[in-house]
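Descriptive analysis of the structure
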Amino acid sequence: MTAPSTAHPTSTTADPAGRRGEVVVRALAVEDDAEVAAAHVAMTASRNHGRPWAKRMSLRELVVDLRAPSTMERLEPWVALVDGEVAGLALQWFPLLDNTRFTWGEVDVHPRLRRRGAGGALVEQLVERTREEGRSTVLVESHVPDDAGEDHPHVRFAAKHGFAHANTEIRRILELPLAASRLEELAAGAASRHVDYRVESYVKRLPQELRQSYCDCWNQLAVDAPTGDVEFEPESLSPETYQEELDRMAEQGRTMIHTVAIGPAGEVVAYNDLVLSRDDPDEVMQWGTLVRREHRGHRLGMAVKVRGLQELARVAPEAKRVQTCNAEQNAHMVGVNEELGFVRVEALLAYQRHVD
C-alpha cells in the first residue's frame, strides 16, 4: 500500500560541520526494493544507537508491514532525504476500526545524518497528515535511558515540536534460560489460587472456540492498562481480523505463543502473548498480558506468564531474552515481572500533540 505522494517543501539547514544540506520529505517508494532497504538501514541504525538490547525489525518484517494491506489500520511511510540520501523513516498508522481520533507515529533518523533537520521535518509531516485526515492527536514514543532528565535530546526534541509527555513505561529484560525448577515453583505457588481455571498454551494460533473470548480480552487491554494522559477506547479485534494478523505474522516469519486462562464457563479470562521472530531468534517480545477485572485475585497473571515461559523453553530453547514494557504505575504486573526476574533497562516515553 502506498502513501500519498505529497512532498514536504524542501528546506536547507546547516549541519554540525557547517555544510549546507537539502532536506526533502516524501512518501516512501514502497515497491522500490533499494529505497526500502535504505530506509531499513536508517531505521535500524537509529534504533540500535546506544541500545544494545534493541529489538531489531528485519527487512522482511518491514516489507510485509509496508506492502500487505490491513483492514484494522492504514500505514503511511515517509522518508527524509538529505542531499538525496535516505536519512530517516517515519511510519504513521491510522486506526480504521476504533480510536480513530488518533494517529500513531514512529520516527527514526540515522545517527550519522542527525542534526540536519530530517527528524523535525518528518515529525511535522506526521502532524500535517493528522490534520489533513481530520484527526485530533498524534502519538509518538521515544526510548531514553532510565535516568534521563529534561535535558535529554529526545525530551528536548519532543518539547520543541509541541509534544507533551503523556506516559512513561519501563522496558525490562528477562535473561534466559530460567531454571525449570524455578518456573515449576512459581506455577505451583499460583495454582492453589485458581483451581477452577485451566491454563493452556497454543503455538501459532488459538482454537476456534477460544478466539472470540480472547479477542474480548485483547480489546480491553487498551483501557485497562495504565496509559497516563492518553485516553483510549476499547479496540476492535475480531476472530476475522485476528486471522488476518496471524497471516501477516506468518509472512513476516513471526510465531505467537498464546497462553490463556480459561474460566469455569469455558471462556478466555486472561492471556499472555509471546512473539518469536525467525530473523532475530535470540530476542522474544512479550506483547501483552491481561486478566479480566472480574477474575483478578487468583494469580492468573503469574500463571499465564509462567506457563508461557515454559512453552517458550520447549519450542525455542535457543532464545536468550524476553523483553516487555509496563507502565510503572501498574504495580501488580510490575511485581509479577520482577518476581520472574525481569530487570529494568530503559524508559519508554509516550508523547502526544493535539492538532487543530
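Ranked by size, the top nonpolar core spans 27 residues in total, and within it W78, A118, L122, V138, F163 and Y351 carry the most contacts. The set of elements that each furnish at least two residues to this core consists of β2 (20–27), β3 (73–82), β4 (85–95), α3 (118–132), β6 (137–145), α4 (153–160) and β13 (343–354). For this core, the element with the highest residue contribution is α3, accounting for six residues. If sequence neighbours within four positions are ignored, V138 has contacts with T103, L126, V127, T130, F163, Y351, Q352, R353 and V355. By size, the runner-up hydrophobic cluster in this structure holds 20 residues, among which are L183, L274, V306 and L340.

Bringing helix α7 (residues 239–252) into the picture now. Counted at 1.5 Å a residue, the expected span for α7 with its 14 residues is 20 Å, and the 20 Å between its end C-alpha atoms agrees. Here α7 has its buried residues at T241, Y242, L246, R248, M249 and Q252. Burial along α7 is one-sided: seen end-on, the buried residues are contained in an arc of 160 degrees. If you follow the buried residues of α7, they end up packed against α2 (59–67), α6 (208–224), β9 (254–262), β10 (268–277) and β11 (283–291). Positive phi appears at G253, one or two residues downstream of α7, with a value of about 80 degrees.

Moving on: the confidence of the model for the protein. Caution applies to low-pLDDT regions: their predicted coordinates should not be interpreted in detail. Overall, the predicted model of the protein reaches an average pLDDT of 93, with 94% of residues at or above 70. In the predicted structure, residues 1–20 sits below a pLDDT of 50 and forms 49 contacts with residues beyond four places in sequence or in another chain.

The next point concerns empty space enclosed by the protein. As enumerated under the stated definition, the model contains one cavity of 30 Å³ or more in all. One number sums up the size of the largest cavity: a volume of about 40 Å³. Class assignment for the residues of the lining of the largest cavity results in two nonpolar, two polar and three charged.

Calculation criteria
- Residues numbered from 1 in each chain as written.
- Predicted model: local features only at pLDDT ≥ 70, side-chain atom pairs only at ≥ 80, totals over all residues.
- Heavy atoms only, no water.
- Core = buried A, V, L, I, M, F, W, Y, C linked by side-chain atoms within 4.5 Å.
- Buried < 20%, exposed > 50% of the residue type's maximum accessible area, 1.4 Å probe, protein only.
- Helix = DSSP H or I, 4+ residues; strand = E, 2+ residues; numbered from the N terminus.
- Contact = heavy atoms within 4.5 Å.
- Expected span 1.5 Å × (residues − 1).
- Arc of directions from axis to C-beta.
- pLDDT = per-residue confidence, 0-100.
- 1 Å grid on protein atoms, 1.4 Å probe; cavity = no way out; pocket = protein on both sides within 12 Å on 5 of 7 lines; lining within 4 Å.
- Points joined across faces, edges and corners; volume = space filled by probe spheres on them.
- Nonpolar A, V, L, I, M, F, W, Y, C, P; charged D, E, K, R; others polar.

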